[in-house]
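# Observations on the three-dimensional arrangement
So you can see what is in the structure, the chains are spelled out below.
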Amino acid sequence: AGYDFVQAGDYRNAEQAFRSFGTRFGDNARAGEAAFWLGESILSQGRYEEAAKVFLDTHKRFPESRMAPQNLLKLGVSLAGMNQRELACATLAEVPRRYPDLSNAVRAKVAAEQKSASCKNR
């Protein structure tokens, strides 16, 4: 249900659905994905600091989940939104290092976010 809310652009209800999932099913095999989408829902509402906390916690708890590369990418985006450019750039640079087999789409998104954040070492 949460993902349907994300698709519809209803980020408040998506946030609520993913929080509920995390509380009820924190040990579920898809908990890492749900945590990512919780962060994405918060980020989409422009709440960068809260989103960064969710993405950081998710990265620590689920470093090998299917959404792990995107999660680290979104941590960098959140940090950039907080005007933490150096930390954002370091985080974005870590994505392809930590996940060398990431998809071309995610790799391109990392490059675009590095450019947007004016990262020197891209």
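Residues numbered from 1 in each chain as written. Predicted model: local features only at pLDDT ≥ 70, side-chain atom pairs only at ≥ 80, totals over all residues. Heavy atoms only, no water.

## Topic: the overall build of the protein chain
When you go through the protein chain residue by residue, the secondary structure sums to 7 helices and 0 strands. Put simply, the protein chain runs from its N terminus to its C terminus through helices and strands in the order α-α-α-α-α-α-α. For a compact globule of 122 residues, the expected C-alpha radius of gyration is about 14 Å, and the protein chain comes in at 14 Å, within 12% of that figure. Principal axes of the C-alpha set define a box for the protein chain whose edges measure 40 × 25 × 20 Å. Evaluated residue by residue, the protein chain yields a buried proportion of 43% over its 122 residues. (Helix = DSSP H or I, 4+ residues; strand = E, 2+ residues; numbered from the N terminus. Rg over C-alpha atoms; globule rule 2.2 N^0.38 Å. Buried < 20%, exposed > 50% of the residue type's maximum accessible area, 1.4 Å probe, protein only.)

## Concerning the packing of aromatic side chains
Within this structure, the stated rule accounts for 3 aromatic pairs. Between Tyr3 and Trp37, the aromatic rings sit 5.1 Å apart at their centres with planes inclined by 75 degrees, giving edge-to-face as the arrangement. Here Trp37 lies in helix H3 (residues 31-43) and Tyr3 lies in helix H1 (residues 2-7), a separation of 34 residues in the sequence. Among the residues examined, Tyr3 registers a relative accessible area of 40% and is labelled partly exposed. Note on Trp37: relative accessible area 18%, which makes it buried. On the numbers, 6.0 Å between centres and 50 degrees between planes, the contact of Phe36 with Phe55 is tilted. Taken as a pair, Phe36 in helix H3 and Phe55 in helix H4 (residues 48-61) lie far apart in primary sequence, 19 residues in all. Classification of Phe55 as buried rests on a relative accessible area of 0%. Among the aromatic residues, those joined into a ring-pair cluster are Tyr3, Phe36, Trp37 and Phe55. (Phe/Tyr/Trp six-rings, centres within 6.5 Å; stacked < 30°, edge-to-face > 60°.)

Just geometry here; none of it tells us what the structure is for.
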